[in-house]
Amino acid sequence: MADTVLFEFLHTEMVAELWAHDPDPDPGPGVSAGLRGEEAGATKGQKMSLSVLEGMGFRVGQALGERLPRETLAFREELDVLKFLCKDLWVAVFQKQMDSLRTNHQGTYVLQDNSFPLLLPMASGLQYLEEAPKFLAFTCGLLRGALYTLGIESVVTASVAALPVCKFQVVIPKS
Amino acid sequence: MGRGLGGRVTSGGSRDAVPGAGPPKMAVCIAVIAKENYPLYIRSTPTENELKFHYMVHTSLDVVDEKISAMGKALVDQRELYLGLLYPTEDYKVYGYVTNSKVKFVMVVDSSNTALRDNEIRSMFRKLHNSYTDVMCNPFYNPGDRIQSRAFDNMVTSMMIQVC
């Protein structure tokens, strides 16, 4: 079953390639340990790479949001859409389900994955914590794209406390 | 069954069906409407007045919206993508289908083509949905643009009345 690693390798190369184009190696002041969001401590060039990655994920998410729910009946409410993301979308892309979904019922959802496949081969613990956010940008876009196709505008951010556990926070603004 | 009306569609220019095989499954106009209610793709048989079909599709959107909001208040097991007959006029019947991403498909068929059964219409909509999904997954397609894919065109051509 070599299929799963194909995407992982492609993703690693995508991140490496987009990062390499950034001509400014100086990380600038205030490099934090990347605990909250992927923009912490990045220069303008790095921010561009992150948004390019997120944009790619967004387009892929749009296509997946169209293809995956085909035989499923229309969703009744927001929570159903989030459950679809945690189960069907995650299984289709990462061959496993999301480990936990929490919500405050006010439009904020926290999706937690205890062994995120794109971070699993890197480390287990606190090593490489600063590098982790850029490997989550594509997946944030993926979630946002799928939500957008299903009619929900949202803001998705990711955070890592210790590899490979990561949390995706989806905020859906109330209109 | 359904052959009592003969193997021909009465509107002009259709090809002769094989006697005893029933009329071919054909639509007169097919439209794909985005969730913001503008057309992504609309095609009708060229000999007829296209504006009339555009107008029909436009008015059918109201009925589609009504059905969608009615579905939202109904019980769980009634939620379905296929909306069924939207409204009949004296010459035409209009059918609707909505996807999970709120993209609507509207199909207008000739009223005299009575052998077109419900499950045939459903299978036509399913084919449309599959082709639309392929268009969405095409990296050269920007979501929200008009659909210009030739593959999609060919599939729609196969569903429309052959008018020479």
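Analysis parameters
Residues numbered from 1 in each chain as written. Chains lettered and ligands numbered in written order. Predicted model: local features only at pLDDT ≥ 70, side-chain atom pairs only at ≥ 80, totals over all residues. Heavy atoms only, no water. Phe/Tyr/Trp six-rings, centres within 6.5 Å; stacked < 30°, edge-to-face > 60°. Helix = DSSP H or I, 4+ residues; strand = E, 2+ residues; numbered from the N terminus. Buried < 20%, exposed > 50% of the residue type's maximum accessible area, 1.4 Å probe, protein only. Contact = heavy atoms within 4.5 Å. Salt bridge = Lys/Arg side-chain N within 4 Å of Asp/Glu carboxyl O. Expected span 1.5 Å × (residues − 1). Arc of directions from axis to C-beta. Pairing = 2+ DSSP bridges. Axes fitted to C-alpha atoms, helices over the stretch in contact; angles between N-to-C directions. pLDDT = per-residue confidence, 0-100. Parallel < 35°, antiparallel > 145°, perpendicular 65-115°, else oblique. Left-handed = near helix turned anticlockwise from the far one by under 90°. Nonpolar A, V, L, I, M, F, W, Y, C, P; charged D, E, K, R; others polar.

**Student:** What am I meant to see in the packing of aromatic side chains here?
**Tutor:** Aromatic ring pairs: the centre-centre distance and the angle between the two ring planes describe each pair. Residue and element names in this part refer to chain A. By the definition in use, this model includes 14 aromatic pairs over all chains. Ring plane angle 55° and centroid distance 6.4 Å describe the contact between phenylalanine 7 and phenylalanine 94, whose orientation is recorded as tilted. Of this pair, phenylalanine 7 sits in helix H1 (residues 3-20) while phenylalanine 94 sits in helix H3 (residues 78-94), and the two are 87 residues apart along the sequence. Here phenylalanine 7 falls in the partly exposed class, since its relative accessible area comes to 23%. Ring centres 5.1 Å apart and planes at 65° place the aromatic pair phenylalanine 94 and phenylalanine 116 in the edge-to-face group. Note that phenylalanine 94 is positioned in helix H3 and phenylalanine 116 in the loop between strand S2 (108-113) and helix H4 (137-149), a separation of 22 residues in sequence.

**Student:** Help me out: how do you make sense of unusual backbone geometry in this one?
**Tutor:** Residue and element names in this part refer to chain A. In the segment running from leucine 163 into proline 164, the intervening peptide bond is cis, with an omega of -10°. Residue placement: proline 164 occurs in the loop between strand S3 (155-162) and strand S4 (165-171). Of note, glutamine 95 is a non-glycine position whose phi angle comes to about 60°, a positive value. Relative to the elements of secondary structure, glutamine 95 occurs in the loop between H3 and strand S1 (100-103). Phi angles above zero are rare outside glycine, and tyrosine 128 is one such case at about 65°.

**Student:** What is the right way to read the side chain of serine 60 of chain B from this model?
**Tutor:** Take serine 60 of chain B: it is sitting in helix H1 (residues 50-73). Excluding its chain neighbours within four sequence positions, the residues that come into contact with serine 60 of chain B are Leu86, Tyr87, Val94 and Val106 of chain B.

**Student:** Help me understand the pattern of salt bridges in this model?
**Tutor:** Pairing of side chains with opposite charge becomes possible as their charged atoms draw close. Using the criterion set out here, one finds seven salt bridges over all chains in the structure. Between arginine 43 of chain B and aspartate 153 of chain B there is a salt bridge whose closest N-O contact spans 3.7 Å. Placement of arginine 43 of chain B in strand S2 (residues 39-44) and of aspartate 153 of chain B in helix H3 (residues 150-159) is noted, with a sequence separation of 110 residues between them. Residue class for arginine 43 of chain B comes out partly exposed when judged on its relative accessible area of 25%. Each of Lys96, Asp99 and Asp113 of chain A takes part in salt bridges that share partners, so that together they form one network.

**Student:** What is the right way to look at H1 of chain A in this model?
**Tutor:** Note that an α-helix has 3.6 residues per turn; residues three or four places apart therefore point the same way. Residue and element names in this part refer to chain A. Between its first and last C-alpha, H1 extends 26 Å over 18 residues, near the 26 Å set by a 1.5 Å rise per residue. Turning to H1, its buried residues number three or more, namely His11, Met14, Val15 and Leu18. End-on view of H1: buried residues confined to an arc of 90°, all on one side of the axis. Exposed side chains of H1 directed beyond 90 degrees from the buried face belong to Leu6, Phe9, Glu13 and Ala20.

**Student:** Would you explain the sheet that holds strand S3 (residues 82-88) of chain B in this entry?
**Tutor:** Sheets are built from strands paired through backbone hydrogen bonds, the pairs being either parallel or antiparallel. Residues and elements named next belong to chain B. Ordered by their spatial adjacency, five strands build an open sheet running S2-S1-S5-S4-S3, and the pairing between neighbours is antiparallel. Two strands close off the open sheet at either side, each with one partner strand: S2 and S3. For this sheet, the mean inter-axis angle between neighbouring strands, taken without regard to orientation, is 15°. With five bridges joining them, S3 and strand S4 (residues 92-98) adopt antiparallel strand pairing. Across the sheet, leucine 85 pairs through a bridge with tyrosine 95, a residue of S4. Across the sheet, helix H2 (residues 118-137) touches strand S1 (29-33), S2, S3, S4 and strand S5 (104-110), and the angle it forms with S5 is around 140°.

**Student:** Would you take a moment to explain the confidence of the model for chain B for this structure?
**Tutor:** Interpretation of the predicted coordinates at a detailed level should be avoided for regions scoring low in pLDDT. All names here are of chain B. Per-residue pLDDT for chain B averages 76, and the proportion of residues at 70 or more is 74%. The weakest mean pLDDT in chain B belongs to S3 at 81; the strongest belongs to S1 at 90. Scored below 50 in pLDDT, residues 1-23 shows 28 contacts in the model against residues more than four places distant or in partner chains. Across the predicted assembly, pTM comes out at 0.77 and ipTM at 0.75.

**Student:** What should I look at first to understand the packing of H3 of chain A against H4 of chain A in this one?
**Tutor:** Each packed pair of helices is defined by two parameters, the angle between the axes and the distance between the axes. Residue and element names in this part refer to chain A. Orientation of H3 relative to H4, taken along the N-to-C sense of each, is 130°, at an axis distance of 11 Å. The pairing of H3 with H4 is recorded here as oblique in orientation. For the pair H3 and H4, the crossing hand works out as right-handed. Residues Val81, Leu82, Leu85, Leu89, Trp90, Val93 and Phe94 of H3 lie in contact with H4, whose contacting residues are Thr139, Leu142, Leu143, Ala146 and Leu147. Classifying every residue of the contact of H3 with H4 by side-chain character gives 11 nonpolar, one polar and no charged.

**Student:** Teacher, can you tell me more about the environment of leucine 111 of chain A here?
**Tutor:** Residues and elements named next belong to chain A. Note on placement: leucine 111 falls in strand S2. The spacing of leucine 111 and methionine 98 is 13 residues in sequence and 7.0 Å in space, taken between C-alpha atoms. In this structure leucine 111 touches Leu82, Cys86, Met98, Ser100, Leu101, Leu143, Cys166, Lys167, Phe168 and Val170, once residues within four positions along its chain are discounted.

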